[in-house]
Amino acid sequence: MKAFIGSATALAALTMGGIAIQGVRPIANPDAPVAGLDAHETHGSLSLIGQFRTSVSGWLWVRTDLYLHNGVQMRPMLDQEKQRNVVSENSHDGLDEEIGHAAVVTVIPSRERDFRGIFGDIERATSSYKDMRNHSHNDPKGALPLFRLMTWIDPQFIPGWTVGASVMCREKNRAAYDKALAYLEEGLRANPNSITLLKEIAYTYVRPLDNLKAGKVYLDRARAAIAPADVSRMDEDTKVHAQEAYRWLVLVNRDLGLRREALDVAQEGLTKFPGDHLMSSEAEKLSLRPRRRTP
């Protein structure tokens, strides 16, 4: 009887422990959006076919992220965590920054940021967890077929185009840049008013290819798409790219010698993004008349 009571007590304790783990899991592992999936909030999701496409491409996106991170689930760091100075577990190979994961942590918390004690140790021991501080990735080229597949299934899934192109550009040669540009152009044909794609194409022309005139063409298109839009209604990712488009257009116009146009863009950009340091600084410099050279 004592043995039976002891076993029953142990079983009850384990059961209560399991319930306790489940009860605190939302606190230890807070819900965080998967980067890029908010791009599915489009007209396509209103139809049954659209819902199928977004769910499949979303699943492929998650599988791609798992592949790159060696099977460990990562998530963007929450604002509260940044305020608490939680250390990001981003990689040392630079890929996290390239794909928009500048500050990431593991979905299952590390011991340093887990208040659950032994229960947290149990979850780390029984789940796909490992310390990912300064981690490395699997070869991202191996994920290119997944990006290709997700954009075929759902051409409106913008991160499939931008991140796929970013992976192509890691080769850092003209053939790779041309391949990335062709891929982004295909995405732009499916999303002709995408601020994000216009800005990414422009960035590829301006930075690695040093073709300011070609970059300006796409930045002007991005500006035309942003100007009538209500920035406050944009999703966070699009808002970031819109602000970057204005910044790049100011700098490109300046470097092409188009000072008046650069000033106009800076002033217009500041109405959309008040307090932007780069645009404020450039607007102030461009407002000053250039000094005449003395003979």
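Residues numbered from 1 in each chain as written. Predicted model: local features only at pLDDT ≥ 70, side-chain atom pairs only at ≥ 80, totals over all residues. Heavy atoms only, no water.

Caption draft 1: Inspection of the overall build of the protein chain at higher detail. Looking only at helices and strands, one finds 13 helices and 2 strands in the protein chain. By residue count, 43% of the 295 residues in the protein chain fall in the buried class. When contacts within the protein chain are restricted to residue pairs at least 6 apart in sequence, those whose partners lie at least 24 apart make up 64%. On the protein chain, roughly 16,700 Å² of surface is accessible, and the fraction owed to carbon and sulfur atoms is 56%. (Helix = DSSP H or I, 4+ residues; strand = E, 2+ residues; numbered from the N terminus. Buried < 20%, exposed > 50% of the residue type's maximum accessible area, 1.4 Å probe, protein only. Contact = heavy atoms within 4.5 Å. Areas by Shrake-Rupley, 256 points an atom, 1.4 Å probe, with all protein chains shown as cover.)

Caption draft 2: Expanded view of the environment of Leu60. Checked against the element boundaries, Leu60 lands in helix α2 (residues 48–68). Leu60 sits 90 residues away from Met150 along the chain, and the two C-alpha atoms are 6.4 Å apart.

Caption draft 3: Looking closely at the packing of helix α7 (residues 158–168) against helix α9 (residues 195–206). Across the interface, α7 lies against α9 with an axial gap of 10 Å and an inter-helix angle of 10°. The angle between the axes of α7 and α9 places the two elements in the roughly parallel class. Together, Ile158, Trp161 and Thr162 of α7 and Thr196, Leu197 and Glu200 of α9 make up the contact between the two elements. Split into classes, the residues belonging to the contact of α7 with α9 amount to 3 nonpolar, 2 polar and 1 charged. (Axes fitted to C-alpha atoms, helices over the stretch in contact; angles between N-to-C directions. Parallel < 35°, antiparallel > 145°, perpendicular 65-115°, else oblique. Nonpolar A, V, L, I, M, F, W, Y, C, P; charged D, E, K, R; others polar.)

Caption draft 4: Seen up close, the nonpolar core. Residues Phe147, Ile201, Tyr205, Tyr218 and Ile226 are the most contacted members of the largest nonpolar core, which totals 51 residues. Look past the residues within four positions of Tyr218 in its chain and what remains in contact with it is Glu185, Leu188, Leu198, Ile201, Ala202 and Tyr205. (Core = buried A, V, L, I, M, F, W, Y, C linked by side-chain atoms within 4.5 Å.)

Caption draft 5: Geometry of the packing of helix α11 (residues 236–255) against helix α13 (residues 277–287). Between α11 and α13, the least distance of the axes is 10 Å, while the angle of their chain directions is 25°. Regarding the angle of α11 to α13, the classification is roughly parallel. In this structure, α11 crosses over α13, and the sense of that crossing is left-handed. Here Tyr246, Arg247, Val250, Leu251 and Arg254 of α11 come into contact with α13, specifically with Leu278, Met279, Glu282 and Leu286. Of the residues in the contact of α11 with α13, the class split is 6 nonpolar, no polar and 3 charged. (Left-handed = near helix turned anticlockwise from the far one by under 90°.)

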